[in-house]
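Fold and geometry: a report
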Amino acid sequence: MMTLKRTATVLGLALAAGVGSGLPATAAGLLRPVDAAYGDLEIAQHKVQVVINNGFAKTEVDQVFRNPHPSDLEARYSFPVPKQAAMSELSLWVDGRERLGEVLAKAEAQTAYEEEKGAGRDAGLAEKDSYRTFEVSVAPVRAGKEVRVRLVYYQPLDIDTGIGRYVYPLEEGGVDDARQQAFFLNDAAVGEAAFSMDLTLKSAAPVEAVLVPSHPEASVARTGDGGYRVALSSAGTMPLRRDFVVNYRLAGRPSSVELIPYREEGDKEGSFMAVVTPGDDLKRISEGSDWTFVLDVSGSMQGKLAALAEGVRKALGQLRPDDRFRIAAFNHSARWVVEPYTAATQENVGRAIALVEGLRPEGGTDLYAGIQLGLSGLEPDRTSAVLLATDGVANHGVTEHKRFLELMKRADVRLFTFVMGNSANTPLLEDLAKGSNGFSLNLSNDDAIVGQILLARSKVTHKAMHDVRLAVKGARVSELAPSEPSSLYRGDQLVVFGRYRDPGPATLRFTARVSGKPMQVDVPVMFPETDVRSPEVERLWALAKIEDLERQKRLGGDAAELEGAVRDLGVRYSLVTDHTAMVVMEDGRFAERGIERRNLARVGRERAAQRARAAAAPVSYAKAYSSSGLSASGSARLGGGGSVGPLFGLLSAGLAFGLPALRRRRR
Amino acid sequence: MKDFPLLTLAAAAAAAAAAAFPAGFEQLSYQREAILAGEWWRLLTGHLVHASGTHLLWCSTAFLVLGASVEREMGRAYVGFLALSAVAVAAGLFVLMPRLSWYCGLSGIDTALFVHVLWREAEVERLRGGRLPLALALLAGLGLAAKIAFEYSAGLAVFAPTPDVAPVPTAHVLGVVAGVVGAALGGRRRDGLVGA
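Cut-offs and rules
- Residues numbered from 1 in each chain as written.
- Chains lettered and ligands numbered in written order.
- Predicted model: local features only at pLDDT ≥ 70, side-chain atom pairs only at ≥ 80, totals over all residues.
- Heavy atoms only, no water.
- Helix = DSSP H or I, 4+ residues; strand = E, 2+ residues; numbered from the N terminus.
- Buried < 20%, exposed > 50% of the residue type's maximum accessible area, 1.4 Å probe, protein only.
- Contact = heavy atoms within 4.5 Å.
- Areas by Shrake-Rupley, 256 points an atom, 1.4 Å probe, with all protein chains shown as cover.
- Salt bridge = Lys/Arg side-chain N within 4 Å of Asp/Glu carboxyl O.
- pLDDT = per-residue confidence, 0-100.
- Pairing = 2+ DSSP bridges.
- Axes fitted to C-alpha atoms, helices over the stretch in contact; angles between N-to-C directions.
- Patch = residues over 30% accessible without salt bridge, like charges linked within 9 Å, V, L, I, M, F, W, Y side chains within 5 Å.
- Parallel < 35°, antiparallel > 145°, perpendicular 65-115°, else oblique.
- Left-handed = near helix turned anticlockwise from the far one by under 90°.
- Nonpolar A, V, L, I, M, F, W, Y, C, P; charged D, E, K, R; others polar.
- Phe/Tyr/Trp six-rings, centres within 6.5 Å; stacked < 30°, edge-to-face > 60°.
- Lys NZ or Arg CZ within 6 Å of the ring centre and 35° of its normal.
- Core = buried A, V, L, I, M, F, W, Y, C linked by side-chain atoms within 4.5 Å.

Things to note about the overall build of chain A
- For chain A, the helix and strand inventory stands at 15 helices and 36 strands.
- A buried classification covers 61% of the 667 residues belonging to chain A.
- Sequence separation of 24 or more characterises 78% of the internal contacts of chain A that already satisfy a separation of 6 or more.
- Summed over all atoms, the accessible surface of chain A reaches about 24,300 Å², with 49% contributed by carbon and sulfur.

So, the environment of Arg-42 of chain B
All names here are of chain B.
- Counting through the fold element by element, Arg-42 comes out in helix H4 (residues 42-45).
- Expressed as a C-alpha distance, the spacing of Arg-42 and Ser-29, which sit 13 residues apart in the sequence, is 5.8 Å.
- Leaving out residues up to four positions away in the same chain, Arg-42 has contacts with Glu-26, Gln-27, Leu-28, Ser-29, Tyr-30, Gln-31, Ala-34 and Ile-35.

Description of the pattern of salt bridges
Residues and elements named next belong to chain A.
- If you walk through the whole model with that rule in mind, you get 47 salt bridges over all chains.
- Taking the shortest distance from any N to any O, the salt bridge between Glu-89 and Arg-607 comes out at 2.7 Å. With a gap of 518 residues between them, Glu-89 in strand E6 (residues 86-94) and Arg-607 in helix H14 (residues 598-615) connect regions that are remote in the sequence.
- A relative accessible area of 0% means that Glu-89 is categorised as buried.
- In this structure, a network of salt bridges that share partners links the residues Lys-58, Glu-60, Glu-89, Glu-98, Arg-150 and Arg-607.

Thoughts on the confidence of the model for chain B
All names here are of chain B.
- Scored by pLDDT, chain B has a mean of 82; 85% of the residues are at 70 or more.
- When mean pLDDT is compared element by element in chain B, helix H6 (residues 77-96) scores highest at 92, while helix H10 (residues 187-195) scores lowest at 46.
- Every residue in residues 190-196 is under pLDDT 50, and counting partners more than four places away or in other chains gives 14 contacts.
- Per the prediction output, this complex has pTM 0.67; the corresponding ipTM is 0.82.

Regarding the sheet that holds strand E34 (residues 580-584) of chain A
Residue and element names in this part refer to chain A.
- Pairing in this open sheet of six strands is antiparallel, and the strands run E2-E5-E10-E9-E34-E8 from one edge to the other. In the strand order of this sheet, the two ends are held by strand E2 (31-33) and strand E8 (102-105), each with one partner. Looking at each pair of strands side by side, their axes are set apart by 25 degrees on average, direction ignored.
- Across the sheet, helix H12 (residues 559-572) lies against E8 and E34, angled at about 160 degrees from E8, the strand it touches most.

Brief notes about the environment of Thr-111 of chain B
- Relative to the helices and strands, Thr-111 of chain B is located in helix H7 (residues 107-128).
- Placed 26 residues apart in sequence, Thr-111 of chain B and Ser-85 of chain B show a C-alpha to C-alpha distance of 9.3 Å.
- Excluding residues that lie within four positions of it along the chain, Thr-111 of chain B makes contacts with Phe-648 of chain A together with Leu-144, His-172, Gly-175 and Val-176 of chain B.

Things to note about unusual backbone geometry
Residues and elements named next belong to chain A.
- With an omega of -15 degrees, the peptide bond between Ala-139 and Pro-140 qualifies as cis.
- Looking at the element boundaries, Pro-140 is found in strand E10 (residues 133-141).
- Residue Glu-339 is joined to Pro-340 through a cis peptide bond whose omega torsion reads 0 degrees.
- Along the polypeptide, Pro-340 turns up in strand E24 (residues 334-343).
- Its identity as a non-glycine residue notwithstanding, Glu-479 has a phi of 55 degrees, on the positive side.
- One can find Glu-479 in strand E29 (residues 477-481).
- Glu-479 gets classed as partly exposed once you look at its relative accessible area, which sits at 40%.

Topic: the environment of Thr-133 of chain A
- In this fold, Thr-133 of chain A is placed in strand E10.
- Counting along the chain gives 52 residues from Thr-133 of chain A to Val-81 of chain A, while the straight-line C-alpha distance between them is 4.8 Å.

A closer look at a nonpolar patch on the surface
Residue and element names in this part refer to chain B.
- A cluster of nonpolar side chains, Leu-84, Tyr-152, Val-173, Val-177, Val-181 and Leu-185, forms an exposed patch at the surface whose accessible area comes to about 530 Å².
- When residues of the nonpolar patch are assigned to their parent elements, the largest contribution, four residues, is made by helix H9 (residues 169-185).
- Within the fold, Val-173 resides in helix H9.

Quick notes on the packing of helix H8 (residues 401-409) of chain A against helix H9 (residues 426-435) of chain A
All names here are of chain A.
- It is at 9 Å that the axes of H8 and H9 come closest, and there the two elements cross at 20 degrees. Our classification of the angle between H8 and H9 gives roughly parallel. Where H8 crosses over H9, the two elements pack in a sense that is right-handed. Contacts from His-401, Phe-404, Leu-405 and Met-408 of H8 reach H9 at Pro-427, Leu-428, Asp-431 and Leu-432.
- Across the contact of H8 with H9, the residue classes break down as six nonpolar, one polar and one charged.

Here's the deal with the pairing of strand E15 (residues 195-201) of chain A
Residues and elements named next belong to chain A.
- Burial within E15 is extensive, with five of its seven residues counted as buried.
- Bridge count between strand E3 (residues 42-53) and E15: seven bridges; the pairing is parallel. Residue pairing in the sheet places Ile-52 in a bridge with Leu-201 of E15.
- Bridge analysis of E15 against strand E18 (residues 228-233) gives six bridges, and the strand direction is antiparallel.

Details of the confidence of the model for chain A
Residues and elements named next belong to chain A.
- Confidence in the prediction for chain A averages 79 pLDDT; 81% of positions are at 70 or higher.
- Counting contacts from residues 1-27, a segment whose pLDDT is below 50, to residues more than four positions away or on other chains yields 112 contacts.
- Considering only residues more than four positions removed or in separate chains, one finds that residues 173-192, a stretch of pLDDT under 50, has 56 contacts.

Examining the packing of aromatic side chains
- Evaluated as defined, the whole model comprises nine aromatic pairs over all chains.
- Ring geometry for Phe-416 of chain A against Tyr-489 of chain A: centres 6.2 Å apart, planes inclined by 75 degrees, an arrangement best described as edge-to-face. Of the two residues, Phe-416 of chain A sits in strand E26 (residues 414-420) while Tyr-489 of chain A sits in the loop between strand E30 (486-488) and strand E31 (494-500), which places them 73 residues apart along the sequence. With respect to burial, Phe-416 of chain A and Tyr-489 of chain A carry one shared label: buried.
- Chaining the aromatic ring pairs together yields one cluster made of Phe-272, Tyr-500 and Phe-527 of chain A.
- Of note, Arg-403 of chain A hangs over the ring of Tyr-368 of chain A, and the distance from its end group to the ring centre comes to 5.5 Å.
- Here Arg-32 of chain B stacks its cationic end above the ring of Phe-94 of chain B, 4.2 Å away from the centre of that ring.

Points about the sheet that holds strand E19 (residues 244-250) of chain A
Residues and elements named next belong to chain A.
- Taken together, the four strands give an open sheet; going across it, the order is E12-E13-E19-E16, and neighbouring strands pair in antiparallel fashion. For this open sheet the edge positions go to strand E12 (158-160) and strand E16 (207-211), each flanked by a neighbour on one side alone. This sheet shows a mean twist of 25 degrees between the axes of neighbouring strands, independent of strand direction.

Some remarks on the nonpolar core
- Core analysis: the biggest nonpolar cluster contains 52 residues, and Val-136, Tyr-168, Val-210 and Val-230 of chain A have the highest contact counts within it.
- Among all residues touching Tyr-168 of chain A, those that are not within four sequence positions of it are His-46, Val-48, Thr-59, Val-61, Tyr-153, Phe-195, Met-197, Asp-243 and Phe-244 of chain A.
- In this structure, Val-644 and Phe-648 of chain A together with Leu-82 and Leu-113 of chain B belong to the second largest nonpolar core, which totals 33 residues.

Some remarks on the packing of H6 of chain B against H7 of chain B
Residue and element names in this part refer to chain B.
- At a minimum axis distance of 9 Å, the contact between H6 and H7 shows a crossing angle of 125 degrees. One way to sum up the angle between H6 and H7 is to call them oblique. The crossing of H6 and H7 is right-handed. Facing H6, whose interface residues are Tyr-78, Phe-81, Leu-82, Ser-85, Ala-86 and Val-89, H7 presents Gly-108, Ile-109, Ala-112, Leu-113 and His-116.
- Residue classes in the contact of H6 with H7 are distributed as eight nonpolar, three polar and no charged.

Structure (structure tokens):
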């Protein structure tokens, strides 16, 4: 199964390198007048503050826009939806005072915004457009004046094989022309942004190293409490075109369970976030396999194909003699580039590479046709895998989510999807991978390529845990999300949110199957009577629940009922969803409209907790466990390289040649 | 041709070729699991592959500068020194860092060469009584120590524009050890330099 790992390597490389060296990327970050007759507003400031602590990241985006036009305007700001982001705060500054938004049902929020705007009062509206963008409308932006907009969102941490990864998305994916025209495509205005990024990393587990692959010019410094601070600022010419990516490497930890609770004194229910980090005893797969590459060659891949071909070349170059491959390509239709399965001889590989290099990007994206072709002709007596590389959305042929899932159900094969950039239909690609017990890997153009490739490779070359479930005995735990069993590949963590009613001791049971063999681990845990250190866990639970409901809807559940449930959760826990929106207005207007200030109260609790956490040392909620099924061996696998730079080169030259020269002269 | 650093150039060329070869990183890098599975050659070849073009550029530059000097000094023994350094660094990582799954780059060997040159220059100047060059050599040694200490404490490389690879300072400490051993073994040859 060396083949598998190498293929993953190839795809990761191709996708990542492809975008990096491909199209001129377009950027996020503009506030554009709704009236197209006016040019863009100027960005006076784009300040991002990130705090990573206690299992999740808080991202605060504070922006100041200037209206250079002679008229008051309504303007709109758009940015890619970050992965698993719970958008929780939208604030406008009016007369120097912060006005915080409240979440309502979407239609209700839109009506309120329109009425406030129509009455000439300051108002703002934040909406979500499916997996694509958050869109923020502001009115009025006074002629010649500035407007300050602040957004906050939370995300569970993304830790894989002991490597944490944070991405602040800025690059538009280039797959939707209309969207680009509307919001992104204006480098000149973006170029005037005064951008600053300040990331604070606090971790109870020791952090060994931090990398900023997207912005090597960023300063990285260790803080007194063992954490790190990453800072980057620009005086005025920072194009907001590249994702900001930070990787951090945690010291090895044993197999562990972290339970991060939140329960106010006197509350009936508490919330929790459980993170299970399995041990490192998944066995390596050794038999040969059949590989099918399915490559997106639609128009949005313009400029990325050369690198994609290079990636495929590298992957094919590493196949073993008992591995076979074939290659399909798709845009408005799908066709074979290499077929049937071909032994990975040097000659065959060379011929295949030439064919891939000859592909030309054009047309729409018939993703269904591509996958359908890739799934055809599988041989049941061989281990097979399909690797799909795409940066886009299905916009041609069959596009219904349900049809894709039905297609995958008919095939006995693992699908690994490599999703590049910020605009791909991530929910669909993740559902497809999950449905086949494969995995979906998101890659930014600005990721550290080698590390990402090796991560992907280590997953596909080892056996995986399937039918992974987490259950809690005691504490009257309910509403677990995600509720569906999942698969865990090497280095993956299981993150589950839930609610509890009875504080006290309980047992957390983690079950899975590896090669059909069941395994089970019981870990005793304590659900506290009161713990107010992480109120954000409540929103994250609600977001996980909402994602569960949205997935059920995609799978064909009762749309009206599920949308209603999403709406209720969004309003109750103040989250912007597809069916809720956040509206900002003058404080008095909320009371006059009878809108309860739920978010104001929630944000007050969160900010108080954040102040307390900032002043305190990071808290460890981790509890190590050991069992014969999931060993307690070190779980974090590290990688790196020797590193020397120009200073070392100069020092070496001085030592090796300077000193002998000096000696000769003195002689 | 006697002083021509043939081996150094050949090794640097091999590193460049490994970067151009699609399967280079995969087949040659230090990968703990593969070594455990019997691919022992990775202990040697892992030094020849790099995580990026920038990583290769700086590691190779230092290697060419230092290697040329040491090869000229050691002659045929140089190949033994390179092999010793390569194995010492990789085997040391294997024993001391069981959680390190992969490693790449010439910098461990660069460090061994650096220490070897440093030792040589310090010894020559000590015997010749050249105070300024001796002080400069010792300063370079302090610079190396500070570099490694910084890498350990900050988890970052010093002025090394290779954001795609995290430093492994233990490799540099092992390089120091290999350099000291090599320099001690090569002591006799320097007698000629002193007398020259």
